Amino acid sequence: MESAKLPFKRVLLKVTGEAFCDKGAQGIGFGSVRHLASEIKGIANLGIEIAVVVGGGNIFRGSEASEKGMDRVSADNMGMMATMINGLALQNALEEMDCDTRMLTAIDIHQLAEPYVRRRAIRHLEKDRVIILAGGTGNPYFTTDTTASLRAMELGAQVILKATKVDGIYDADPMKVSTARKYKELKFIDVLRDNLKVMDAAAISLCMENDVPIIVFDMTVTGNIKRVLLGEKIGTIVRGK
Ligand code: UDP
């Protein structure tokens with residue numbers, strides 16, 4: 001364990017639901033989940049304490065269902081259940097790799113996971129268990145991005161790692177605009193002012209007020225998360241008032 005030399009001791013990783021499915025698909029892609037798990041295990045082996053907030057968009061998104069006429073609260077409850085399915089898939093993949101984990105949920109589901117209790121979550125981190133935080137905040141009308149900010153503050157994470165399929169934040173969609181420029185660094189206020197698609201505004205505001213940086217990077221590239229945590233400048237960092 002060489003944690004003393006690392007820039008971060010405790011981190012919060014936000015994994016969007018998209019990372020759980022294979023390219024162009026929906027639901028759970030087992031290759032993708034194994035990739036995620038092996039990347040997470042790699043950083044846990046460095047001695048970094050890691051809390052993972054899982055999204056659910058590969059299965060269900062409340063806002064999309066409500067646009068089609070579904071009651072928003074019921075739809076969001078389904079979305080939160082979707083994050084639990086992803087959490088269980090990730091836990092299974094990590095345990096197959098002999099990585100010690102605990103899943104904690106914001107909505108009680110005792111037979112499957114522990115309820116989220118801050119002190120208990122911190123205790124697991126101190127014991128070098130990877131914690132998987134599922135069920136979002138437990139409240140409708142929120143997202144797992146906001147959950148990530150909230151839990152990062154509560155658990156004292158030094159940074160939020162936002163794992164995506166793009167290698168940072170751009171001034172335009174790099175898939176559509178060939179001249180799109182990648183930012184190496186941004187201030188929170190720039191993200192809010194220019195409405196850059198990083199995390200939703202509530203999540204960004206919480207990070208800004210509490211001075212917790214966000215690093216956006218491409219987690220589909222093997223070894224990237226380790227590079228970020230060893231201090232390599234990849235992706236985009238958002239920080240500063
Ligand atoms: N959700 C919610 N409250 C929360 C977090 C999530 O109601 O605190 C629901 C919401 O319907 C959301 C879904 O869970 O669409 C999945 O989460 P999210 O869209 O953030 O997942 P991601 O985009 O990261 O895959």
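Structure shown above.
Residues numbered from 1 in each chain as written. Predicted model: local features only at pLDDT ≥ 70, side-chain atom pairs only at ≥ 80, totals over all residues. Heavy atoms only, no water.

### Notes on the sheet that holds strand S3 (residues 101-105)
By definition, the strands of a sheet pair up through backbone hydrogen bonds, in either a parallel or an antiparallel sense.
Part 1: Read from one edge to the other, the open sheet built from nine strands follows the order S4-S3-S5-S2-S1-S6-S10-S11-S9, with strand pairing classed as mixed. The two strands at the open ends of the sheet, each matched to only one other strand, are strand S4 (114-115) and strand S9 (185-186).
Part 2: Sheet analysis places strand S6 (residues 159-164) next to strand S10 (residues 214-218), joined by five bridges and oriented parallel. Bridge pairing links Leu-161 to Ile-215 in S10.
Part 3: Strand contacts of helix H3 (residues 72-96): strand S2 (49-54), S3 and strand S5 (130-134), with the helix running at about 170 degrees to S3, the strand carrying the most contacts. (Pairing = 2+ DSSP bridges. Helix = DSSP H or I, 4+ residues; strand = E, 2+ residues; numbered from the N terminus. Contact = heavy atoms within 4.5 Å. Axes fitted to C-alpha atoms, helices over the stretch in contact; angles between N-to-C directions.)

### Let's talk about a nonpolar patch on the surface
Part 1: Together, Val-73, Tyr-141 and Phe-142 give the surface a local cluster of nonpolar side chains, amounting to about 310 Å² of exposed area.
Part 2: Residue classification places Tyr-141 among the exposed positions, given a relative accessible area of 54%. (Patch = residues over 30% accessible without salt bridge, like charges linked within 9 Å, V, L, I, M, F, W, Y side chains within 5 Å. Areas by Shrake-Rupley, 256 points an atom, 1.4 Å probe, with all protein chains shown as cover. Salt bridge = Lys/Arg side-chain N within 4 Å of Asp/Glu carboxyl O. Buried < 20%, exposed > 50% of the residue type's maximum accessible area, 1.4 Å probe, protein only.)

### Some details on the site of the ligand
Part 1: With respect to spatial proximity, 20 residues lie near the ligand, and among them Arg-61, Asp-76, Thr-137, Asn-139 and Thr-144 are the closest.
Part 2: Here Gly-79 contributes a backbone N or O atom positioned 3.4 Å from an oxygen atom of the ligand.
Part 3: Summarising the interface, the protein chains cover 94% of the accessible area of the ligand, which totals 520 Å² for the free molecule.
Part 4: No other element matches H3, which puts three residues into the shell around the ligand.
Part 5: When the residues that make up the shell around the ligand are grouped by side-chain class, the tally is four nonpolar, 13 polar and three charged. (Near = heavy atom within 4 Å. Polar contact = N/O pair within 3.5 Å; in protein donor to acceptor, adjacent residues only side chain to side chain. Nonpolar A, V, L, I, M, F, W, Y, C, P; charged D, E, K, R; others polar.)

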